[in-house]
Amino acid sequence: MSEIEVLPDAEAVSRRGAGLLSELATEADRHARRLSVALSGGSTPKRMFQILASDEFRAKIPWESIDWFWGDERCVPPEHKDSNYNMTREALLETAPIPEGNIYRIPAENPDVAAAAASYERILRDYFGASHGIPRFDIIFLGMGDDGHTASLFPGTKALAIQDRLVTPNYVDKLQTYRVTFTIPLINQGKQVVFLIAGKGKAERLHEVLEGKRDPDRLPSQNIQPSPGKLRFFVDQAAASLLAKASGK
Ligand code: 6PG
């Protein structure tokens, strides 16, 4: 079951994401639990990170309780302009009072991409303490590209078929590069999986992903069906404009 929330614009989508994260962290902290969060790259999350780092949110978030991970990464050094970690560092990690030990970045600068993915998988297994089974993140944020990709699960790529790994390298022919990405089974164990999607350029693909024929190899976002977790779409009006079943909030 998925839930679609249509919000007025991209700013409202980012605020909704920040609000949800803040609520979940406060709730976890009240029960003396930690909150595991996986982040994505992209423009809407960037704004969400800036909102989280703003005075309004800084003061109310129990930063100590949150552990930060990434659902995918570009194969560049962590200070590179294309690095998802670097984007988060600039927008959030440097400004908010986040303990260094709560940050778990993907070591995707390793030229041995298989080793990079395996080492992140180990980091996840150590953190969740699960030698068997698939870890369950409290919340996984995702974006959707206008080709229907999510995380670095691109149309027609090998990573879409991987069932026995948590993290994998993925060669993306159209970008002529590798990425490191969470696999579908890991994402689908998330307790809450939240897509942040904004802009008119996403409208047609979002309609296809949610209301079109099932074609998960061409539309990787269709593979995201957490169970028993919750799938949520926070989308702006522009991105939702072709949806028949969206209900505004
Ligand atoms: C990445 C992402 C990717 C992103 C989408 C949407 O590293 O590129 O994790 O999956 O979320 O491409 O990006 P936008 O929100 O910028 O459209």
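Owing to the predicted nature of the structure, the values given are computational and were not obtained by experimental measurement. Along each chain, residue indices are assigned from 1 in the same order as the chain's sequence is written. Note on the predicted model: pLDDT of at least 70 is required for a residue's local features to be given, and 80 or more for side-chain atom pairs to be given and counted; whole-chain, interface and lining totals, by contrast, use all residues. The side-chain figures draw on all heavy atoms in the structure; neither hydrogens nor water molecules are used.

This brings us to the packing of aromatic side chains. Note on ring pairs: Phe, Tyr and Trp rings are taken, using the six-membered ring of Trp, and paired if centres are within 6.5 Å. Classes follow the plane angle, with under 30 degrees stacked, over 60 edge-to-face and the rest tilted. Applying the stated rule across the entire model yields 12 aromatic pairs. Between Phe69 and Tyr104 the ring centres are 4.5 Å apart and the planes differ by 5°, which places this aromatic pair in the stacked class. In this pair, Phe69 is assigned in strand β3 (residues 66-70) and Tyr104 in the loop between α4 (84-93) and α5 (113-128), connecting sequence segments 35 residues apart. Note on exposure labels: buried denotes an accessible area under 20% of the residue type's maximum, exposed denotes more than 50%, and partly exposed covers the range between, all computed with a 1.4 Å probe on protein chains only. For Phe69, a relative accessible area of 0% gives the class buried. Looking at Tyr104, the relative accessible area reads 23%, which means it is partly exposed. Pairing Phe69 with Tyr127 gives two aromatic rings, centres 4.9 Å apart and planes at 65°, and the pair type is edge-to-face. Of the two residues, Phe69 is situated in strand β3 and Tyr127 in helix α5; the sequence distance between them amounts to 58 residues. An aromatic cluster is present here, built from Phe69, Tyr104, Tyr127, Phe128, Phe137 and Phe182 joined pairwise through their rings. Look at NZ for Lys and CZ for Arg. If either is within 6 Å of the ring centre and within 35 degrees of the ring normal, a charge sits over the ring. The lysine or arginine in question, Lys60, covers the ring of Phe57, its NZ or CZ lying 4.5 Å from the ring centre. Only DSSP runs of H or I covering at least 4 residues are called helices, and only runs of E covering at least 2 are called strands; the numbering of each starts at the N terminus.

On to the pattern of salt bridges. In what follows, salt bridge is the name for a side-chain nitrogen of Lys or Arg lying within 4 Å of a carboxyl oxygen of Asp or Glu. Tallied over the entire structure, the rule returns 17 salt bridges. Between Lys81 and Asp82 there is a salt bridge, with the nearest N and O atoms lying 3.3 Å from each other. Residue classification places Lys81 among the exposed positions, given a relative accessible area of 68%. In this structure, Glu208 engages Arg205 in a salt bridge whose closest nitrogen and oxygen atoms are separated by 2.9 Å. Separated by 3 residues within a single helix, Glu208 and Arg205 lie in helix α7 (residues 203-211), roughly one turn from each other. A single salt-bridge network, built from bridges that share partners, covers Glu3, Glu5, Arg16, Lys230 and Arg232.

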